[in-house]
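Chains, contacts and geometry: an overview
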Amino acid sequence: MLLSIGLIILSGLLLGTFCKKIRFPSLFGMIIAGIIIGPHVLNLIDSSILDVSSEIRRIALIIILIRAGLKLDISVLKKVGRPAILMCFLPACLEIIGMVLVAPMMFGISRLDAAILGTVIGAVSPAVIVPRMIKLIDEGYGKDKGIPQMILAGASVDDVFVIVMFTTFTGLAQGNDLSIMSFVNIPVSIIIGIIIGLIVGYILYKWFSNIKMNLIIMTVIMLSVSFLLSTIETKFPMIPFASLIGIMCMGIMVRRKDQDMALKMSGQYDKLWTVAEIFLFVLVGASVEINYLKEAGIKAVLLILIVLLFRMVGVFICIIGTGMTFKEKAFCMIAYTPKATVQAAIGGLPLAMGLPCGEIVLVISVVAILLTAPMGAFGIDLTYRKCLNQDN
């Protein structure tokens with residue numbers, strides 16, 4: 001196991017740094033490192049790590065969302081209003097619709113199978129988007145119109161919406177009846193997640209304020225509480241609770257009550273993210289089945305590019321009437337395209353369920369990760385200084 005951990009860190013750092021040197025997103029190098037040392041190429045990662053790979057990736061995602069909450073100014077998000085709410089579901093809905101319209105013609109699958117494929121591909125990646133939006137907030141880009149806050153919040157909720165839709169469509173494919181509760185659970189889980197996150201965040205703020213303790217201990221306590229919230233969602237699926245949203249709201253409450261405390265804690269999570277990022281993207285790469293890429297062909301790439309256009313149209317509709325310039329709207333559409341973590345997590349589930357669309361879903365998930373994660377990250381890094389105003 002120790003050898004595998006060393007290889008993950010060193011290979012991720014080396015290829016990530018190399019990609020940075022050639023002005024490419026470092027995450028692309030990390031994903032390639034994962035593919036190379038993963039089970040489908042050199043097979044250098046110990047099976048004990050691969051067995052808990054999904055849990056390690058989730059820990060990294062939790063660290064990202066705590067950072068996001070501690071840096072997110074809720075007053076700015078309130079000013080954005082309607083577009084921030086629409087970004088949570090409308091672009092994903094249009095991408096799923098695009099998949100239902102196009103995929104049956106290109107791959108000869110049923111509309112239901114295309115809907116399942118759409119829900120897998122339709123989720124954006126907080127792992128790619130959130131760190132970059134935090135960077136924009138820190139540097140003051142887009143602050144005047146709350147653009148990074150809007151994208152950050154939308155990306156966090158988008159995944160919850162899409163995963164619930166995925167569960168509903170796969171249930172239909174397995175012969176389950178369509179239940180109205182499946183759709184009711186979407187807003188209910190989001191609302192419960194927000195409420196619980198704010199309550200827990202307030203309790204932590206009072207605890208940290210009344211009992212003076214080491215900053216590192218405070219950071220560890222918040223991270224441990226986040227693990228508990230995440231466990232509630234996975235261990236008790238009958239409870240409609242969006243834990244990832246709750247975790248972000250926990251950080252938002254701490255920031256709202258004490259900005260100085262939030263600033264110091266976010267600095268600790270910035271350091272944690274330096275290591276967590278390597279594990280996240282190297283293990284995402286290790287989950288990519290390289291053999292399926294040979295079967296994908298140009299059709300899979302073309303399909304993904306087509307449905308991304310549907311997503312971009314959805315983003316454009318969300319920001320109509322906001323007073324944004326053409327460049328700012330273009331940036332929002334580019335920034336809302338990367339995919340990685342959700343596709344790596346659920347891309348193989350339809351195949352494991354024995355669904356007819358299982359193999360094609362897995363193939364296109366792999367292509368989506370390798371195409372959109374670096375493309376979206378590169379697009380954000382290349383355009384934000386040119387498209388957004390900077391507030392010093």
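Details of the structure are given in the entry above.
Below or above, wherever it landed, is the structure these notes cover. Given the structure is predicted, the values throughout are model-derived calculations rather than measurements.

1. Some remarks on the overall build of the protein
A tally of regular secondary structure across the protein gives 19 helices and zero strands. At 20 Å, the protein has a C-alpha radius of gyration in line with the 21 Å of a compact globule built from 392 residues. Considering only C-alpha atoms, the protein reaches an extent of 60 × 55 × 45 Å along its principal axes. Counting all 392 residues of the protein, 55% fall into the buried class. Of the contacts formed within the protein by residues at least 6 apart in sequence, a portion of 82% connects residues at least 24 apart. Looking at the protein, you have 31 positive and 23 negative side-chain charges, and the mean spots of the two groups are 8 Å apart.

2. Overview of a nonpolar patch on the surface
There is a patch of nonpolar side chains on the surface, built from Phe-18, Ile-22, Phe-24, Phe-378 and Leu-382 and spanning about 450 Å² of accessible area. Among the secondary structure elements, Leu-382 is positioned in helix H19 (residues 358-387). The class of Leu-382 is partly exposed, set by a relative accessible area of 44%.

3. A word on empty space enclosed by the protein
Per the counting criterion, the structure on display carries one cavity of 30 Å³ or more. Counted as a void, the largest cavity has a volume near 40 Å³. What lines the largest cavity is simply Leu-61, Leu-65, Pro-126, Ala-155, Ser-156, Asp-159, Leu-244 and Ile-245. Looking at the lining of the largest cavity element by element, the count peaks at three residues for helix H10 (residues 147-173). In terms of residue class, the lining of the largest cavity is made up of six nonpolar, one polar and one charged.

4. Observations regarding the nonpolar core
Of all hydrophobic cores here, the largest spans 89 residues; its most connected members are Ile-8, Met-133, Ile-151, Leu-152, Met-222, Phe-281 and Phe-331. Here the element with the most residues in this core is helix H14 (residues 259-286); it accounts for 14 residues. With residues up to four places along the chain from it excluded, the contact list for Phe-281 reads Leu-27, Met-30, Ile-31, Ala-127, Val-128 and Trp-273. Of all hydrophobic cores here, the second largest spans 32 residues; its members include Ala-114, Val-120, Phe-169 and Cys-357.

5. Describing the packing of aromatic side chains
Tallied over the full model, the rule gives three aromatic pairs. With 5.1 Å between their ring centres and 90° between their planes, Tyr-141 and Tyr-384 make a pair best called edge-to-face. With a gap of 243 residues between them, Tyr-141 in the loop between helix H9 (126-139) and H10 and Tyr-384 in helix H19 connect regions that are remote in the sequence. Like Tyr-141, the residue Tyr-384 is buried in the burial classification. We note Lys-299 situated over the ring of Phe-107; from NZ or CZ to the ring centre the distance is 5.0 Å.

6. Here we look at the layout of surface pockets
Empty space within the second largest pocket amounts to approximately 760 Å³. As for the second largest pocket, its lining consists of 25 residues, and the residues nearest its centre are Lys-20, Ser-26, Arg-132, Lys-135 and Asp-381. Those elements that provide at least two residues to the lining of the second largest pocket are helix H1 (2-21), helix H2 (26-37), H9, H14 and H19.

Rules of the game
Residues numbered from 1 in each chain as written. Predicted model: local features only at pLDDT ≥ 70, side-chain atom pairs only at ≥ 80, totals over all residues. Heavy atoms only, no water. Helix = DSSP H or I, 4+ residues; strand = E, 2+ residues; numbered from the N terminus. Rg over C-alpha atoms; globule rule 2.2 N^0.38 Å. Buried < 20%, exposed > 50% of the residue type's maximum accessible area, 1.4 Å probe, protein only. Contact = heavy atoms within 4.5 Å. Lys, Arg positive; Asp, Glu negative; His and termini not counted. Charge placed at Lys NZ, Arg CZ, Asp CG, Glu CD. Patch = residues over 30% accessible without salt bridge, like charges linked within 9 Å, V, L, I, M, F, W, Y side chains within 5 Å. Areas by Shrake-Rupley, 256 points an atom, 1.4 Å probe, with all protein chains shown as cover. Salt bridge = Lys/Arg side-chain N within 4 Å of Asp/Glu carboxyl O. 1 Å grid on protein atoms, 1.4 Å probe; cavity = no way out; pocket = protein on both sides within 12 Å on 5 of 7 lines; lining within 4 Å. Points joined across faces, edges and corners; volume = space filled by probe spheres on them. Nonpolar A, V, L, I, M, F, W, Y, C, P; charged D, E, K, R; others polar. Core = buried A, V, L, I, M, F, W, Y, C linked by side-chain atoms within 4.5 Å. Phe/Tyr/Trp six-rings, centres within 6.5 Å; stacked < 30°, edge-to-face > 60°. Lys NZ or Arg CZ within 6 Å of the ring centre and 35° of its normal.

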